[in-house]
Amino acid sequence: MKNKVVVITGASSGIGEGCVKEFANKGSFIVLAARNIDKLNQISEKLNLENHLCVKCDVTKENDCKKLIESTFKKYGKIDILINNAGISMRANFEDVKVDVIKKVMDVNFFGMVYCTKYALKHLIKSKGTVVGISSISGYVGLPGRTGYAASKFAMNGFLDCLRVENMKNGLRVLTVAPGFVASNIRNSALNSDGVEQKESPRDESKMMTPNILAKKIIKSIIKQHNYLTLSFEGKMSIILKKISPNFLNKILYSYFKKESKSTLK
């Protein structure tokens with residue numbers, strides 16, 4: 001990873017911040033992207049980053065994503081790794097949620113990745129680099145109360161699968177990451193049925209994997225040129241059960257999420 005140019009979206013907190021720290025520890029040149037430039041600057045100061053670039057970028061805006069990639073190439077002359085991490089979640093049953101909420105989730109989680117990848121692709125192909133998508137177990141198994149989130153991650157997984165096959169012969173690597181539950185801000189900032197941040201997590205964040213540990217696993221998978229990184233026993237079993245006994249899995253999911261704090265299930 002030394003001297004690799006790594007672009008990280010959603011770098012202002014959680015998994016993104018963890019990736020910034022761990023790639024920097026490996027000697028990479030980091031490009032931090034997020035909507036809040038002040039938070040990015042605070043992170044760069046806290047981690048004492050040297051050769052780096054902070055870029056204000058709203059991934060729902062195609063032109064912001066274009067400028068992010070252009071700024072990166074202008075400074076470093078190459079791009080080696082693009083980590084599509086920017087994302088938001090939602091918790092509400094489909095019958096209750098406003099359609100605009102689902103569209104917002106899709107715009108951030110899916111189209112934000114599409115825009116960044118589109119403009120970075122030629123540079124990544126030239127460097128025989130890696131596109132990383134921070135997906136979710138929800139991208140393989142639909143979880144109740146998360147229709148918009150699951151849809152965005154299913155879309156992400158399909159996009160990355162296609163991208164991987166299309167570029168088999170030119171050296172581009174594509175890594176799809178399904179972390180399971182990671183201690184981050186995504187559940188606190190999850191949107192409710194009206195599109196308002198819920199400001200609380202339905203889970204005990206202290207028992208979850210830390211973003212730094214996940215970042216280390218992502219780096220290891222990039223080095224080993226893996227196509228997929230799926231974490232947590234529960235996540236792996238859910239994917240297997242969906243294939244061999246989907247109705248049984250649905251019963252387990254219903255029972256599990258019914259016990260969740262302020263569950264959307266009735």
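The rules behind these values
Residues numbered from 1 in each chain as written. Predicted model: local features only at pLDDT ≥ 70, side-chain atom pairs only at ≥ 80, totals over all residues. Heavy atoms only, no water. Helix = DSSP H or I, 4+ residues; strand = E, 2+ residues; numbered from the N terminus. Buried < 20%, exposed > 50% of the residue type's maximum accessible area, 1.4 Å probe, protein only. Pairing = 2+ DSSP bridges. Right-handed = clockwise from strand over helix to strand, strands pointing away. Axes fitted to C-alpha atoms, helices over the stretch in contact; angles between N-to-C directions. Parallel < 35°, antiparallel > 145°, perpendicular 65-115°, else oblique. Left-handed = near helix turned anticlockwise from the far one by under 90°. Contact = heavy atoms within 4.5 Å. Nonpolar A, V, L, I, M, F, W, Y, C, P; charged D, E, K, R; others polar. Salt bridge = Lys/Arg side-chain N within 4 Å of Asp/Glu carboxyl O. Phe/Tyr/Trp six-rings, centres within 6.5 Å; stacked < 30°, edge-to-face > 60°. Lys NZ or Arg CZ within 6 Å of the ring centre and 35° of its normal. Expected span 1.5 Å × (residues − 1).

Trainee: Would you mind going over the environment of Phe23 with me for this structure?
Mentor: Here Phe23 lies in helix α1 (residues 14–25). Sequence separation between Phe23 and Leu143 is 120 residues, and the spatial gap between their C-alpha atoms is 31 Å.

Trainee: Teacher, can you tell me more about the pairing of strand β4 (residues 81–84) here?
Mentor: Looking along a regular strand, one sees side chains alternate from face to face of the sheet. Side chains Ile81 and Ile83 of β4 all project onto a buried face; the interleaved residues Leu82 and Asn84 project onto the opposite face, where all are buried too. As paired elements, strand β1 (residues 5–9) and β4 share 3 bridges and run parallel to each other. Looking at β4, one finds that Val7 is bridged to Leu82. Note: β4 against strand β5 (residues 130–134), 4 bridges, orientation parallel. Opposite Ile83, over in β5, you have Val132 as the bridge partner. Regarding the hand of the β-α-β motif, the stretch spanning β4, helix α4 (residues 99–127) and β5 is right-handed.

Trainee: How should the packing of helix α3 (residues 62–76) against α4 be read in this particular structure?
Mentor: Two quantities define a packed helix pair, namely the angle between the helix axes and the distance between the axes. Running from N to C, α3 and α4 cross one another at 30°; their axes reach a closest spacing of 9 Å. When the axis of α3 is compared with that of α4, the two are roughly parallel. Seen from above, α3 lies across α4 with right-handed handedness. Note on element contacts: α4 touches α3 through Gly112, Tyr115, Cys116, Tyr119, Ala120 and His123, opposite Glu62, Cys65, Lys66, Leu68, Ile69 and Phe73. Partitioned by chemical class, the residues of the contact of α3 with α4 number 8 nonpolar, 2 polar and 2 charged.

Trainee: Quick question: what am I supposed to make of the sheet that holds β1 here?
Mentor: Pairing between sheet strands relies on hydrogen bonds along the backbone, with the strands arranged either parallel or antiparallel. An order of β3-β2-β1-β4-β5-β6-β7 is seen for the 7 strands of this open sheet, with the pairing classed as parallel. Either end of the sheet is taken by a strand with one partner, and the two such strands are β3 (52–56) and β7 (228–230). On average, adjacent strands in this sheet sit at an angle of 15° to one another, irrespective of strand direction. Against the sheet, α4 makes contact with β1, β4 and β5, and its axis sits at roughly 175° relative to β4, the strand it touches most.

Trainee: Please explain the pattern of salt bridges as it appears in this structure.
Mentor: Any two side chains of opposite charge can pair, given that their charged atoms come close. Evaluated as defined, the whole model comprises 4 salt bridges. A salt bridge links Lys46 to Glu17; the nearest nitrogen and oxygen atoms lie 2.6 Å apart. With a gap of 29 residues between them, Lys46 in helix α2 (residues 37–46) and Glu17 in helix α1 connect regions that are remote in the sequence. Accessibility expressed as a relative area gives 57% for Lys46, which makes it exposed. The shortest N-O distance in the salt bridge between Asp80 and Lys78 comes to 3.1 Å. For Asp80, a relative accessible area of 6% puts it in the buried group.

Trainee: Explanation requested: the packing of aromatic side chains in the structure shown.
Mentor: A ring pair, where both rings are aromatic, is described by two values, the distance of the centres and the angle of the planes. Under the defined criterion, the tally for this structure stands at 5 aromatic pairs. Aromatic pair Phe110 and Phe111: ring centres 5.0 Å apart, planes at 75°, arrangement edge-to-face. With relative accessibility at 14%, the residue Phe110 sits in the buried group. An aromatic cluster of three or more residues is present, and its members are Phe110, Phe111, Tyr115 and Phe159. Here the guanidinium or amino end of Arg164 rests over the ring plane of Tyr228, the centre of that ring lying 4.5 Å away.

Trainee: Honestly, α3 in this entry has me stumped. Any pointers?
Mentor: With 15 residues, α3 should reach 21 Å at 1.5 Å per residue; the first-to-last C-alpha distance of 22 Å fits that figure. Of the surrounding secondary structure, the elements contacted by the buried residues of α3 are β1, β2 (29–34), β3 and α4. Looking one or two places after α3, you find Gly77, whose phi comes out positive at around 75°.

Trainee: Help me understand helix α6 (residues 211–223), please; the structure alone is not making it clear to me.
Mentor: Within an α-helix, residues lying three or four positions from one another point in the same direction, as the helix has 3.6 residues per turn. For α6, spanning 13 residues, the distance from its first C-alpha to its last is 18 Å, which sits close to the expected 18 Å at 1.5 Å a residue. Tucked into the core, α6 has its buried residues touching α1, β4, β5, β6 (173–178) and β7. One or two steps after α6, the chain reaches Gln225, where phi turns positive at roughly 60°.

Read these as geometric descriptors, not functional statements.
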